[in-house]
Amino acid sequence: MAGEPSKPRSHGMFQPRASAQPRPLMPDQAPAGAFRVKVLTILPEMFPGALAASLTGRALTQRIWSLEVLDIREFAGNKHRTVDDTPAGGGPGMVMCAHVVAAAIDHAQADAPSDRARWPVIYLSPRGRPLTQARVRELAAGAGLTLLCGRFEGVDQRVLEAREVEEVSIGDFVLTGGEIPAMALIDAVVRLRPGVLGNAESTEEESFSRGLLEHPHYTRPPLWEGRAIPEILLSGHHAKIAEWRLSQAEGLTKQRRPDLWRAHTSGTEGAADGDRELSDAPTSAAKGGQTKDRER
Ligand code: 4GX
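### Observations regarding the overall build of the chain
On a plain count of helices and strands, the chain comes out with seven helices and nine strands. Within the chain, buried positions represent 42% of all 296 residues. Within the chain, counting contacts between residues at least 6 apart in sequence, those at least 24 apart form 77% of the total. As presented, the chain carries roughly 17,100 Å² of accessible surface, and 53% of it is formed by carbon and sulfur atoms.

### Quick look at the site of the ligand
Not every one of the 18 residues close to the ligand is listed here, only the nearest: Tyr123, Ile170, Gly171, Phe173 and Leu175. Within the backbone of Ser125, a nitrogen or oxygen atom sits 3.2 Å from an oxygen atom of the ligand. Of all the secondary structure elements, the ones that give two or more residues to the shell around the ligand are β5 (121–130) and β7 (166–169). No other element matches β5, which puts four residues into the shell around the ligand. Among the residues forming the shell around the ligand, the class breakdown is ten nonpolar, seven polar and one charged.

### Overview of the nonpolar core
Core analysis: the biggest nonpolar cluster contains 31 residues, and Val37, Phe47, Trp65, Leu145, Leu147, Leu185 and Ile186 have the highest contact counts within it. Counting only elements with at least two residues in this core, the list comes to β1 (35–41), α1 (54–61), β2 (65–71), β5, α3 (133–140), β6 (144–149) and α5 (179–190). Within the second largest apolar cluster, 23 residues are counted, among which are Phe75, Ala98, Val100 and Ile105.

### Comments concerning a nonpolar patch on the surface
Side chains of Ile170, Phe173, Leu175 and Ile180 sit close together on the surface and give an oily, nonpolar patch of about 340 Å² of accessible area. Here Leu175 is to be found in the loop between β7 and α5.

### A few points about the pattern of salt bridges
By the definition in use, this model includes 13 salt bridges. Arg36 is the partner of Glu68 in a salt bridge, and the nearest nitrogen-oxygen pair spans 3.0 Å. With Glu68 in strand β2 and Arg36 in strand β1, this pair connects stretches of sequence that are 32 residues apart. Between Glu138 and Arg135 there is a salt bridge; the shortest N-O distance is 2.7 Å. Highlighted residues: Glu138 and Arg135, both in helix α3, separated by three residues, approximately one helical turn. Judged by relative accessible area, which is 48%, Glu138 ranks as partly exposed. Among the charged side chains, a salt-bridge network with shared partners connects Arg36, Lys38, Glu68 and Asp111.

### Let's talk about the pairing of β2
Along β2, seven of the seven residues are buried, which leaves the element largely enclosed by surrounding structure. Burial along β2 is two-sided: Trp65, Leu67, Val69 and Asp71 and Ser66, Glu68 and Leu70, pointing in opposite directions, are all buried. In the sheet, β1 pairs with β2 via seven bridges, with the strands oriented parallel. Bridge pairing in β2 links Leu40 to Leu70. In this view, the connection linking β1 to its parallel neighbour β2 by way of α1 has right-handed handedness.

### Examining unusual backbone geometry
Of all residues except glycine, most have a negative phi; of all peptide bonds, most are trans. Note the cis peptide between Phe47 and Pro48, where omega equals -5°. Within the secondary structure layout, Pro48 lies in the loop between β1 and α1. Omega for the peptide link from Arg220 to Pro221 comes to 5°, which places this bond in the cis form. Looking at the secondary structure, you find Pro221 in the loop between α5 and β8 (223–224).

### Some remarks on the packing of helix α6 (residues 238–256) against helix α7 (residues 258–265)
Contact geometry of α6 with α7 gives a least axis separation of 5 Å together with a crossing angle of 125°. When the axes of α6 and α7 are compared, the pair comes out oblique. Taken together, the residues of α7 that come into contact with α6 (itself represented by Glu250, Thr253, Lys254, Gln255 and Arg256) are Pro258, Leu260 and Trp261. Across the contact of α6 with α7, the residue classes tally to three nonpolar, two polar and three charged.

Criteria and cut-off values
- Residues numbered from 1 in each chain as written.
- Predicted model: local features only at pLDDT ≥ 70, side-chain atom pairs only at ≥ 80, totals over all residues.
- Heavy atoms only, no water.
- Helix = DSSP H or I, 4+ residues; strand = E, 2+ residues; numbered from the N terminus.
- Buried < 20%, exposed > 50% of the residue type's maximum accessible area, 1.4 Å probe, protein only.
- Contact = heavy atoms within 4.5 Å.
- Areas by Shrake-Rupley, 256 points an atom, 1.4 Å probe, with all protein chains shown as cover.
- Near = heavy atom within 4 Å.
- Polar contact = N/O pair within 3.5 Å; in protein donor to acceptor, adjacent residues only side chain to side chain.
- Nonpolar A, V, L, I, M, F, W, Y, C, P; charged D, E, K, R; others polar.
- Core = buried A, V, L, I, M, F, W, Y, C linked by side-chain atoms within 4.5 Å.
- Patch = residues over 30% accessible without salt bridge, like charges linked within 9 Å, V, L, I, M, F, W, Y side chains within 5 Å.
- Salt bridge = Lys/Arg side-chain N within 4 Å of Asp/Glu carboxyl O.
- Pairing = 2+ DSSP bridges.
- Right-handed = clockwise from strand over helix to strand, strands pointing away.
- Axes fitted to C-alpha atoms, helices over the stretch in contact; angles between N-to-C directions.
- Parallel < 35°, antiparallel > 145°, perpendicular 65-115°, else oblique.

Shown next, in the form of C-alpha cells:
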C-alpha cells in the first residue's frame, strides 16, 4: 500500500511551508539509500500494523526504510479476484494459485535491483529454513526484500521453484497466515539498519554474549516481594559483574538451549549455517550500564 500522495494543503497563491515538514507514514517513493520492503498479501490492511509503532515506526517516518504493500488480489485477473483453488490430489483447504502469485512477485521485482542475492523474495512458511540472526544480518546488509505472505494451505509449489523463492520459518508453530511472521522478520531486519536504534538500544555490545542467551536483568527497587537483586549487581565491581553475567548466560544456555551451547563451545558460531546466535539484544550494563527510562 503506497501512502497518500502529498497534496498542497493550501489552494491560495502562496504555500506557506513549515520548517519541519510533516511526512506521510509511508512515502510513495523510497529515497536513495532507504531499505525497501515489499509485502505481498491478501490482507494489506494488516500493514504497517505493529511496525508503525516505536523504533520501526519512527524509522519508517524518517524514511530509513520504506514499506510497499501489494494486494495479491489485484493480480487475480478475474472480476471475483480469486487467488486460490482446491488442492490437486484432493484434501481440505485451498492453495494459492501459481499464476496469481507469480504476477504479484514479478510486479514487485520489476524495480528491484537485478541481483537476487541482494533483494531476495522470501516466503514465510513453517516449512522454511529457521530464521537466524545471521540471516537477519545478511538481509539488513542488502538493498531490500520482498515478502510473500501465504494464507490457506500455502502456495502452489511451482511458483516457489520458478521464482527462486526462499522459504523461511520464524518458528515451529502454525499461524493463520504469513503476515505476522513477515512483520517479525521486518522488525528484526530494520532494527539493524543505521539510525534505527538509539544509543540505549545499540547492538554494539552484542559480541560480548554472542551465541549465548542473555543473562537476567534487574532494576529498582532492590527488594521486591521479598526478592532481592543479586548482591554483585549492586557492588559496583564492573569486572565482577561482567563475569557474573557471562556465567549466568552460559548456565542458562546450557540448560535451555543445548543446541546453542554445542555451537558456542565447538566454535562453529558465526559459520555459514551454524550461527544460531540469539543474544543480539544489548547486554546493557556490560559497558557501564544506563537507564533508558529514568536517570539514576
Ligand atoms: N513461520 N505461517 C504460512 C501458510 C502455509 C501453510 C502451510 C505453507 C504451508 C509461519 C511460521 C506460519 C502460517 C505462514 C501458514 N504455508 N510462517 N502460512 N511459523 O505459521 O513462518
